[in-house]
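If you want the building blocks of each chain, they are given just below.
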Amino acid sequence: MSKPLAVRRRGAGEPLVLLHPLALSGELWTPLAEALSDEFQVFALDLRGHGDSAWDGTPFSIEDLADDVARTLDALDLRSASLLGLSMGGSVAVNFAGRHPERVRSLVLADTTAWYGEDAVTTWAERAQKAVAVPRAKQVAFQLDRWFSPEFRERHPEEADRVVKIFLRTNSEAHAAASIAMGAMDSRPLLPSVTAPTLVLVGRHDYATPPSMARTLADGIANAELEVLSDLRHLSLIERPLLAGRVRQHLRRVTETR
């Protein structure tokens with residue numbers, strides 16, 4: 001991967017980079033980007049093989065994805081920026097912030113982890129196999145149950161459908177390769193190197209990256225704040241748009257002290 005990632009840019013002000021979950025794209029962030037673009041210049045990246053970003057078909061790691069982010073920031077002439085990552089995007093943000101602490105002004109980590117546990121390699125290999133063996137439309141029910149509460153899916157079917165359409169457009173081989181990368185990831189040794197003011201968010205009912213994983217992040221990063229969000233599952237920032245206000249509060253506190 002030598003080219004910068006595809007980027008959706010919106011707004012003006014302090015730079016904020018958004019990193020999306022597995023098998024989705026920067027398009028996921030449209031509502032949050034709109035909400036924050038009055039105060040921040042928002043860059044929603046498509047990670048390798050997702051959305052409009054290229055991929056040559058070779059295996060890659062979470063470190064590789066973080067290197068893609070660094071290359072893209074260089075192309076955007078951004079020496080540093082605030083980062084917000086959700087799920088896989090959060091794992092990439094942790095890796096980037098741990099290896100390039102001087103480039104991260106502030107950090108928001110939502111429904112994510114630095115490590116998936118002892119069985120991660122096997123579990124994620126199984127998910128990778130299903131990503132290519134099962135037709136994408138038949139994977140939707142599994143994904144929806146992880147992403148959103150039943151109440152949200154009933155009240156806001158149009159938003160759930162918007163996310164599903166992004167998932168259906170994702171390349172299944174890239175989905176599988178990213179799953180293997182997630183299984184191999186262990187960024188726990190990097191947590192003490194993260195120096196950016198950090199807000200960790202997690203849905204109380206997120207069983208993909210449960211609150212225990214969020215607590216590990218918050219305990220490992222100096223002065224990190226942890227908030228467990230009631231009634232939410234894995235895509236907390238999408239299910240509860242008002243969380244944009246909490247994100248804004250965190251980012252504003254950092255920019256006001258610069």
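Further up the page is the structure itself.
Calculation notes
- Residues numbered from 1 in each chain as written.
- Predicted model: local features only at pLDDT ≥ 70, side-chain atom pairs only at ≥ 80, totals over all residues.
- Heavy atoms only, no water.
- Helix = DSSP H or I, 4+ residues; strand = E, 2+ residues; numbered from the N terminus.
- Buried < 20%, exposed > 50% of the residue type's maximum accessible area, 1.4 Å probe, protein only.
- Areas by Shrake-Rupley, 256 points an atom, 1.4 Å probe, with all protein chains shown as cover.
- Lys, Arg positive; Asp, Glu negative; His and termini not counted.
- Charge placed at Lys NZ, Arg CZ, Asp CG, Glu CD.
- Expected span 1.5 Å × (residues − 1).
- Arc of directions from axis to C-beta.
- Contact = heavy atoms within 4.5 Å.
- Pairing = 2+ DSSP bridges.
- Axes fitted to C-alpha atoms, helices over the stretch in contact; angles between N-to-C directions.
- Salt bridge = Lys/Arg side-chain N within 4 Å of Asp/Glu carboxyl O.

Enquirer: Hey, could you run me through the overall build of the chain in this one?
Expert: Scanning the chain from terminus to terminus reveals eleven helices and seven strands. Expressed as a percentage of the 258 residues in the chain, the buried residues total 56%. Taken as a whole, the chain presents about 10,700 Å² of accessible surface, with 50% of it coming from carbon and sulfur. Side chains of the chain give 30 positive and 34 negative charges; the mean places of these two sets differ by 2 Å.

Enquirer: So what exactly am I meant to see when it comes to helix α4 (residues 120-133) here?
Expert: For an α-helix, 3.6 residues make a turn, and residues three or four places apart therefore share a direction. For α4, spanning 14 residues, the distance from its first C-alpha to its last is 20 Å, which sits close to the expected 20 Å at 1.5 Å a residue. All of the buried residues in α4 are A120, W124, R127, A128 and A131. For α4, the angular spread of buried residues about the axis comes to 105 degrees, placing them on one side. Residues of α4 that are exposed and angled more than 90 degrees away from the buried face: T122 and K130. Contacts made by the buried residues of α4 are with α5 (136-147) and α8 (172-184).

Enquirer: Is there a simple way to explain the pairing of strand β6 (residues 198-203) in this structure?
Expert: Successive residues of a regular strand alternate their side chains across the two faces of the sheet. Within β6, six of the six residues are buried, which leaves it mostly tucked inside the rest of the structure. Where burial is concerned, the two faces of β6 agree: the one with T198, V200 and V202 and the one with L199, L201 and G203 are both buried. As paired strands, strand β5 (residues 104-110) and β6 are joined by four bridges and run parallel to one another. Pairing of L109 across the sheet is with V200, part of β6. The sheet contact formed by β6 and strand β7 (residues 225-229) spans five bridges and is parallel.

Enquirer: Looking at this structure, I do not really get the environment of P197. What am I missing?
Expert: With respect to the element layout, P197 can be found in the loop between α8 and β6. Taking relative accessible area as the criterion, P197 reaches 37% and is therefore assigned partly exposed. In sequence terms P197 and F60 are 137 residues apart; their C-alpha atoms lie 29 Å from each other.

Enquirer: What am I meant to see in unusual backbone geometry here?
Expert: Its identity as a non-glycine residue notwithstanding, S87 has a phi of 55 degrees, on the positive side. Relative to the assigned elements, S87 resides in the loop between β4 (81-86) and α3 (88-99). Positive phi, normally seen in glycine, also occurs at D111, with a value near 45 degrees. Note that D111 resides in the loop between β5 and α4.

Enquirer: Just checking my understanding: could you explain helix α9 (residues 211-220) for this structure?
Expert: Residues of α9 that are buried: P211, M213, A214, L217 and A218. Mapping the buried residues of α9 onto a view down its axis gives an arc of 155 degrees, with all of them on the same face. In this structure, the buried side of α9 is in contact with α3, β5, β6 and β7.

Enquirer: Sorry, what's going on with the sheet that holds β4 here?
Expert: Strand pairing in a sheet is mediated by backbone hydrogen bonds. Such pairs are either parallel or antiparallel. The strand order β1-β3-β2-β4-β5-β6-β7 describes an open sheet built from seven strands, whose pairing is mixed. Each edge of the open sheet carries a strand with a single partner, namely β1 (7-10) and β7. Averaged over all neighbouring strand pairs, the angle between strand axes comes to 15 degrees, with direction disregarded.

Enquirer: Quick question: what am I supposed to make of the environment of V164 here?
Expert: As for its placement among the helices and strands, V164 is situated in helix α7 (residues 157-169). Its relative accessible area of 9% is what places V164 among the buried residues. Residues V164 and L24, spaced 140 residues apart in sequence, show a C-alpha to C-alpha distance of 8.7 Å.

Enquirer: I tried to follow the environment of D145 on my own but got confused; where do I start?
Expert: Relative to the elements of secondary structure, D145 occurs in helix α5. Distance in space between the C-alpha atoms of D145 and Y207 is 9.8 Å, their sequence separation being 62 residues. When neighbours within four sequence positions are excluded, D145 is seen to be in contact with R153, Y207 and R233.

Enquirer: I would appreciate a short explanation of the pattern of salt bridges in the present structure.
Expert: Applying the stated criterion across every chain yields a total of 18 salt bridges. R79 is the partner of E102 in a salt bridge, and the nearest nitrogen-oxygen pair spans 4.0 Å. Remark: R79 occurs in the loop between α2 (62-75) and β4 and E102 occurs in the loop between α3 and β5; sequence separation between them is 23 residues. Residue classification places E102 among the partly exposed positions, given a relative accessible area of 48%. Counted as one network, the salt bridges with shared partners bring together D38, E39, R248 and R252.

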